[in-house]
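Results of the structural survey
Here's the letter readout for the chains.
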Amino acid sequence: MARIRTFACLGGALLGWVACGESQPSPAPAAQTAPATAPTDTADSSRPEAKADGPGAIIGAVTFTGTAPKPRPLPMDSDPLCVAEPGAMSELLLVGPGNGIKNVFVYVKDGLGTGRYAVPATPVLLDQKGCRYVPHVFGVQAGQTILVSNSDPLIHNVHAMPKNNREFNFGQPARTPPVTRVFDQAEIGLPFKCDVHGWMNAYVNVVPHPFFAVTKEDGTFEITGLPAGSYTLELWHERLGTQTVPVTVDAAAPAKVSASFKPAS
């Protein structure tokens, strides 16, 4: 244990990281394919299986009310190995054309009943590129694999801090294979951070079904494959909070939703 702590502190010193003295991230395995916890599908095998092939769709836009604050430049000059894109800005609040808000997570919160949905076999990708997490906000279905990569020429650490799922914290050096992780419990706004580079953060949203989306640069989103019915959407933003919107879906035409957020108090 003493050798591990000494090595971690030495590596941190070389990188200008002074976070030693507290719990250190464990090194990432060369390639891990097992989930972080046992899948919950086995416990729910008695529930009927539903399909995400309904005729209904929801399209919408999320906007910012008022004058949006200008995004702040990322303070990335503390590590000379971090190559920032020109004009790299904080992703805390991004307001684009027409006051559309980027990175709002939109999902069906109520109305789907008790059916369970097959977990997608395709993993969701989370990269570390330019000393940033890409994407900044994303969604996965509970039990779906997240494939964590490091495209940078330096070490990062991946620290997930869930409330309902299992926490993990591992170092990921450059040019090492991707690492897989799985969250089995629903959880909105689950934060990731890099303890080496304090500006690096991301949020994963874990839901028990495939009916979710993340707003684009203009604030628009689309959710497809829904059966006809009445639903409650929840909209989550890391800075602006949450709100719910009722919506009725039928097969005739996509349901349209408009929502807006006010400045955070």
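Quantities reported herein were computed from a predicted structural model and do not represent experimental measurements.

So, how was this worked out
- Residues numbered from 1 in each chain as written.
- Predicted model: local features only at pLDDT ≥ 70, side-chain atom pairs only at ≥ 80, totals over all residues.
- Heavy atoms only, no water.
- Pairing = 2+ DSSP bridges.
- Helix = DSSP H or I, 4+ residues; strand = E, 2+ residues; numbered from the N terminus.
- Axes fitted to C-alpha atoms, helices over the stretch in contact; angles between N-to-C directions.
- Polar contact = N/O pair within 3.5 Å; in protein donor to acceptor, adjacent residues only side chain to side chain.
- Contact = heavy atoms within 4.5 Å.
- Phe/Tyr/Trp six-rings, centres within 6.5 Å; stacked < 30°, edge-to-face > 60°.
- Lys NZ or Arg CZ within 6 Å of the ring centre and 35° of its normal.

If you trace the four strands from one edge of the open sheet to the other, you get β15-β4-β17-β18, paired in antiparallel fashion. A strand with exactly one partner marks an edge of an open sheet, and here the two such strands are β15 (212–214) and β18 (241–249). Going across the sheet, the axis of each strand differs from the next one's by a mean of 30 degrees, ignoring polarity. Bridging between strand β4 (residues 105–110) and strand β17 (residues 229–237) involves five bridges; their strand directions are antiparallel. From the neighbouring strand, tyrosine 107 faces β17, where its bridge partner is glutamate 234.

With that out of the way, let us pick up the side chain of histidine 159. With respect to the helices and strands, histidine 159 occurs in strand β10 (residues 156–160). One polar contact links histidine 159 to aspartate 195, side chain to side chain, over a distance of 3.1 Å. Not counting chain neighbours up to four residues away, the residues in contact with histidine 159 comprise Tyr133, Glu167, Phe168, Asn169, Pro191, Phe192, Lys193 and Asp195.

Taken together, four strands build an open sheet; the order of strands is β7-β6-β9-β12 and the sheet is mixed. Single-partner strands in this sheet number two, and they are β7 (133–134) and β12 (179–182). Relative to β7, strand β6 (residues 124–128) runs antiparallel, the two being bridged by two bridges. Within β7, the position partnered with aspartate 127 by the bridge is valine 134.

This paragraph deals with the packing of aromatic side chains. All chains considered together, the criterion is met by nine aromatic pairs. Seen in terms of ring centroids, phenylalanine 183 and phenylalanine 192 are 6.2 Å apart; in terms of plane orientation they differ by 80 degrees. Their pairing is edge-to-face. The residue whose ring lies beneath arginine 181 is phenylalanine 168, and the NZ or CZ to ring-centre distance is 5.1 Å.

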